[in-house]
Each structure stands twice: as structure tokens, then as C-alpha cells.
Amino acid sequence: MGKWIRRFFALVMLAVLAANAGAAYLAHDYNSPGPTTQAKALLFPRHSGFRAIVDELEAQGIIRHGYTVKLIAFALNKAHRFKAGEYLFPPGISAHAVVDMLVDGKVVMRKVTLPEGLTSRDAANLLMNDPALTGDLPSMIAEGSLLPETYLYMYGDERSSILKQMQDSMKQLVEQGWEKRSANLPLRSKEEAVILASIVEKETGVASERPLVASV
């Protein structure tokens, strides 16, 4: 009987040692620098599943072993928290850091710049020609309703949401300018102020010349 007890405990100890060795290997694989030697961008479409994302990461050489990420992400309750989007993974990024990026949604932020002097039609064409944006725009966009500025967005964002940013920024600027206007300005409304600003922009692109043009 004692012999069987000793064998049983020996098997238990072997199982514990094997489990510890396996856990140590997974931890090492999870935290070590990854195989990629250069930055690589990947796009995970909306509604991409956890397993599909991990499989693509492994196929593209961002992580060494997909099973490591799957096991640890499930164990840490992070598997359901992966966010789709466009990511830029730096060289040698560890699987641990990859998981953190996907959980935190640290996607690539793109930029679109609306230069001064563009008409509303030009602005609409600028947005419609950007393949990273989705959706349509209204057929009519009021002249002078968009603020020339640089705007940030993510891959797959709606064009209408960028347009709204441009319109909201313009409204905010007009409100601030109208409240601070000089009492002797011959302007009866904010709309007239926007029209005047649009005329000045079309007349000159030199900032120092604008007060002279506006006075005329």
C-alpha cells in the first residue's frame, strides 16, 4: 500500500512541476520581445472576433504563438475586450504589449486638413476622396460653415462625423469672435461676420493683409 501512495505522490509532484514549467514557458513567451523586426500596420475590421485577431497577429509575424495569447487573454478575462481598428505595431513588441494595445484600443489616429480658402464643394470632395472614411455627405453644405483646421479620425469613421466636427468648430469660433467683437463694427449678425470672413479669405491668403481687406 505504501508503494502505491509513494507512486501517487510522485505523479502529483511531476504534474505540479510540469504545470509550473508550462506556466513559466507561457510567461516567458508572453513577455519576451516579439519576432517582427520592423513596424507593421494591421487593420482588424469591425466585428472581428478574438480568435480571428490573434490568428492574424500570428500569421503576420507580430506574435510568435497564438496559443500563448489565447490562453493568457482568456485567463486574465481580456479576450472579450479586444477592440477592432487600425493598429501600428512597433518592432519587437511583446505579446503582452500587443494585448494591452488591443484592450486599450490604441488605434492609429489619421489626419485630414481643411486648408483655408476651400469652398464647401472642395471640402466635400476632400472627404469623399479619402478611402479611410465611410458614408456619404449632405448634398448641400453652407459656404463658410466649415473651419479650416486639421482633424483627427480613425479608419472607418463616418465622413458625416468629420463634417460635423468642422461645422461645430466653426460655430464655436464664430460664437467666441461675436462675443468679443468691437461695438463699432458694421455687422448685424454672426452670419454677416462669416460672409465677411469668407470674402477676406478668398481675397488674400496673407494673414497680415486681412485687416486691410476687411476694412475695404
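Remember, predicted model here, so these are calculated numbers, not experimental data.

Asks: Talk me through the nonpolar core; I want residue IDs and the actual numbers.
Replies: Counting residues in hydrophobic clusters, the biggest one holds 25 residues, and the most contacted among them are Phe44, Leu57, Phe82, Phe89, Val98 and Leu102. Look past the residues within four positions of Leu57 in its chain and what remains in contact with it is Leu42, Phe44, Ile62, Ile63, Phe89, Val98 and Leu102. Ranked by size, the runner-up nonpolar core spans 18 residues in total, among them Val112, Leu127, Tyr153 and Val174.

Asks: With reference to specific residues and values, describe the confidence of the model for the protein chain.
Replies: Taken residue by residue, the protein chain gives an average pLDDT of 80. The fraction at 70 or more is 70%. Counting contacts from residues 8-21, a segment whose pLDDT is below 50, to residues more than four positions away or on other chains yields zero contacts. Taken as a whole, residues 203-216 scores under 50 in pLDDT and shows 10 contacts with residues more than four places along the chain or in a different chain.

Asks: So, helix H5 (residues 120-128): which residues are in play, and what are the values?
Replies: For H5, every residue scored as buried is listed here: Ser120, Ala123, Ala124 and Leu127. One face of H5 carries all of its buried residues, which in axial projection span an arc of 100°.

Asks: Requested: an account of the packing of helix H2 (residues 50-59) against helix H3 (residues 66-75), with residues and values cited.
Replies: Remark: H2 packs on H3, axes separated minimally by 9 Å, with the N-to-C direction vectors making an angle of 145°. In terms of crossing hand, the pair formed by H2 and H3 is right-handed. Across the interface between the two elements, Phe50, Arg51, Val54, Asp55 and Glu58 of H2 pack against Gly66, Val69, Lys70, Ala73 and Phe74 of H3. Across the contact of H2 with H3, the residue classes tally to five nonpolar, one polar and four charged.

Asks: Before we move on, can you summarise H3 with the specific residues and values?
Replies: In an α-helix, one full turn covers 3.6 residues, which means residues spaced three or four apart are oriented alike. All of the buried residues in H3 are Gly66, Thr68, Val69, Ile72 and Ala73. The buried residues of H3 all sit within an arc of 155° when viewed along its axis, so they share a single face. Directly after H3, the chain includes Asn77, whose backbone phi takes a positive value near 60°.

Asks: So what's going on with the pattern of salt bridges? Which residues, and what values?
Replies: Tallied over the entire structure, the rule returns four salt bridges. Residues Lys70 and Asp55 are paired through a salt bridge, measuring 2.9 Å at the closest nitrogen-oxygen approach. Highlighted residues: Lys70 in helix H3 and Asp55 in helix H2, separated in sequence by 15 residues.

Asks: Give me the lowdown on the packing of aromatic side chains, citing residues and values where you can.
Replies: What describes a pair of aromatic rings is the distance from one ring centre to the other and the angle between the planes of the rings. A full pass over the atoms with the stated rule returns four aromatic pairs. For the pair Phe50 and Phe74, a centre-to-centre distance of 5.1 Å together with 80° between the ring planes defines the contact as edge-to-face. Of this pair, Phe50 sits in helix H2 while Phe74 sits in helix H3; the two residues are 24 residues apart in sequence, bridging distant segments of the chain. Judged by relative accessible area, which is 12%, Phe50 ranks as buried.

Asks: For the side chain of Ser120, give the residues involved together with the corresponding values.
Replies: As for its position among the elements, Ser120 is in helix H5. Of the polar contacts made by the side chain of Ser120, one reaches the backbone oxygen of Ala142; its length is 3.0 Å. Look past the residues within four positions of Ser120 in its chain and what remains in contact with it is Ile141, Ala142, Glu143 and Gly144.

Asks: Explain the environment of Leu88 residue by residue, including any values.
Replies: As for its placement among the helices and strands, Leu88 is situated in strand E2 (residues 85-89). Between the C-alpha atoms of Leu88 and Ala41, which are 47 residues apart in sequence, the distance is 4.3 Å. Ignoring sequence-local partners within four residues, the contact set of Leu88 consists of Ala39, Lys40, Ala41, Met101 and Val108.

Rules used throughout
- Within every chain, residues take consecutive numbers counted from 1 along the sequence as written.
- Only residues with pLDDT of 70 or above have their local features reported here, since the model is predicted, and side-chain atom pairs are shown and tallied only from 80 upward, although totals for entire chains, interfaces and linings are computed over all residues.
- Heavy atoms from the whole structure form the basis of all side-chain values; hydrogens and water molecules are not counted.
- Buried Ala, Val, Leu, Ile, Met, Phe, Trp, Tyr and Cys residues that are joined via side-chain atoms within 4.5 Å together make up what is termed a nonpolar core.
- Here the term buried applies to any residue with accessible area under 20% of the maximum for its type, exposed to any over 50%, and partly exposed to those in between, with areas from a 1.4 Å probe on protein chains only.
- A contact between two residues is defined here by any heavy atoms of the two lying within 4.5 Å.
- Values of pLDDT, the confidence the predictor places in each residue, fall between 0 and 100.
- What counts as a helix is a DSSP run of H or I of at least four residues, what counts as a strand is a run of E of at least two, and both are numbered from the N terminus.
- To obtain the arc, one takes the directions from the helix axis to the C-beta atoms.
- To get an axis, fit a line to the C-alpha atoms, keeping to the stretch in contact for a helix; angles then go from 0 to 180 degrees between the N-to-C directions.
- The handedness criterion is simple: a crossing whose near helix is rotated anticlockwise from the far helix by less than a right angle is left-handed, and one whose near helix is rotated clockwise is right-handed.
- Gly counts as polar in this scheme, as do all residues outside two lists: the nonpolar Ala, Val, Leu, Ile, Met, Phe, Trp, Tyr, Cys and Pro, and the charged Asp, Glu, Lys and Arg.
- Criterion for a salt bridge: a side-chain nitrogen of Lys or Arg within 4 Å of a carboxyl oxygen of Asp or Glu.
- Ring pairs shown here join Phe, Tyr and Trp side chains whose ring centres sit within 6.5 Å, with only the six-membered ring taken for Trp; geometry is labelled stacked below 30 degrees between planes, edge-to-face above 60, and tilted in between.
- Polar contacts, as counted here, are pairs of nitrogen or oxygen atoms within 3.5 Å of one another; within protein the pair requires one atom able to donate a hydrogen and one able to accept it, and residues that are adjacent in sequence qualify only if both atoms are side-chain atoms.

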